[in-house]
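Coordinate inspection notes
Each chain, letter by letter, is given below.
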Amino acid sequence: LEAAERLEKDGSLSKAQEIYEKFLADHPDHIQAADTRYHLGVLYDHRGEPDKCIDMLGKALEGEKSDTFKHREDAFMHLGKLQASLSRHDDAVKTVTRFLEEGAGLYEEEVYNLCGGYHAIVGNFEKSAAMFNILARRQDGPFKQEAAYKLAVVWLKAGKVDLAIKAVEDFARDNRGHPRTP
């Protein structure tokens, strides 16, 4: 597997793919099988095979959360973003929601942001607003201001003008000096 990772980093994707696929064929239940599926999935994506990537990342994420799968968080992020990029927003919502439920770790704020956006795209405005509200109410964080702004936009899209006005007022009060502050 170390050789496959080196080949992958050196750009020898076909050779790395062969090693990963052979390893999984010979050792489907090995302790490193999930990480191998992750590497193979990413490799498929780099080679322009998104459906194979989605399938492989899905297989890597099957089952219970495991301490031995060191790329689990990266697999969730890659899978959710790829699904969304292919306009499979319902699948992306399921992926990032599961990630939040299992604990998104260092990605938590980004996952709330993605989840809020994906929910809005599929018309789940209440759930979208809940995600953005969580971020907007945080003391600090890289998504706080944008989430407060997106919350107002989501309520407008949902046709709930009174909630949009409240969100804009909250945004203006909490984000003085922001370029979008009215």
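Residues numbered from 1 in each chain as written. Predicted model: local features only at pLDDT ≥ 70, side-chain atom pairs only at ≥ 80, totals over all residues. Heavy atoms only, no water.

So, on to the packing of helix α1 (residues 2-9) against helix α2 (residues 13-26). Here α1 crosses α2 at 155 degrees, and the two axes come no closer than 8 Å. Classified by the interaxial angle, the pair formed by α1 and α2 is roughly antiparallel. Where α1 crosses over α2, the two elements pack in a sense that is left-handed. Between α1 and α2, the residues in contact are Ala3, Ala4, Glu5, Leu7 and Glu8 and Leu13, Lys15, Ala16, Ile19 and Tyr20, respectively. When grouped by side-chain class, the residues that make up the contact of α1 with α2 number 7 nonpolar, no polar and 3 charged. (Axes fitted to C-alpha atoms, helices over the stretch in contact; angles between N-to-C directions. Helix = DSSP H or I, 4+ residues; strand = E, 2+ residues; numbered from the N terminus. Parallel < 35°, antiparallel > 145°, perpendicular 65-115°, else oblique. Left-handed = near helix turned anticlockwise from the far one by under 90°. Contact = heavy atoms within 4.5 Å. Nonpolar A, V, L, I, M, F, W, Y, C, P; charged D, E, K, R; others polar.)

Before going further, it helps to examine unusual backbone geometry. A positive phi angle is found at Ser87, which is not glycine, with a value near 60 degrees. Inspection of the secondary structure puts Ser87 in the loop between α5 (72-85) and α6 (89-102). You can call Ser87 exposed: its relative accessible area is 55%. (Buried < 20%, exposed > 50% of the residue type's maximum accessible area, 1.4 Å probe, protein only.)

Here Leu1 lies in the segment before α1. Owing to a relative accessible area of 27%, Leu1 belongs among the partly exposed residues under this scheme. The sequence separation of Leu1 and Gly48 amounts to 47 residues, and the corresponding C-alpha distance is 22 Å. Setting aside its immediate chain neighbours within four residues, Leu1 contacts Tyr20, Phe23, Gln32 and Thr36.

Moving on: helix α10 (residues 161-174). The end-to-end C-alpha distance of α10, which contains 14 residues, comes to 20 Å, matching closely the 20 Å that a straight helix rising 1.5 Å per residue would cover. Within α10, burial applies to Ala164, Ala167, Asp170, Phe171 and Ala172. On its buried side, α10 packs onto α9 (144-157). (Expected span 1.5 Å × (residues − 1).)

Before going further, it helps to spend a moment on the nonpolar core. Membership of the largest hydrophobic core comes to 50 residues, with the highest contact counts inside it found for Phe69, Leu100, Val111 and Tyr118. Setting aside chain neighbours within four positions, we find Val111 in contact with Met77, Val96, Phe99, Leu100 and Ala104. (Core = buried A, V, L, I, M, F, W, Y, C linked by side-chain atoms within 4.5 Å.)

A few words now on empty space enclosed by the protein. Here the structure, examined in full by the defined rule, presents 1 cavity of 30 Å³ or more. Size it by volume and the largest cavity reaches roughly 60 Å³. Around the largest cavity, the lining residues are Ala136, Arg137, Ala148, Leu151, Ala167, Asp170, Phe171, Asp174 and Asn175. Of all the secondary-structure elements, those providing two or more residues to the lining of the largest cavity are α9 and α10. Of the residues forming the lining of the largest cavity, the biggest block, 4 residues, is contributed by α10. In terms of residue class, the lining of the largest cavity is built from 5 nonpolar, 1 polar and 3 charged. (1 Å grid on protein atoms, 1.4 Å probe; cavity = no way out; pocket = protein on both sides within 12 Å on 5 of 7 lines; lining within 4 Å. Points joined across faces, edges and corners; volume = space filled by probe spheres on them.)

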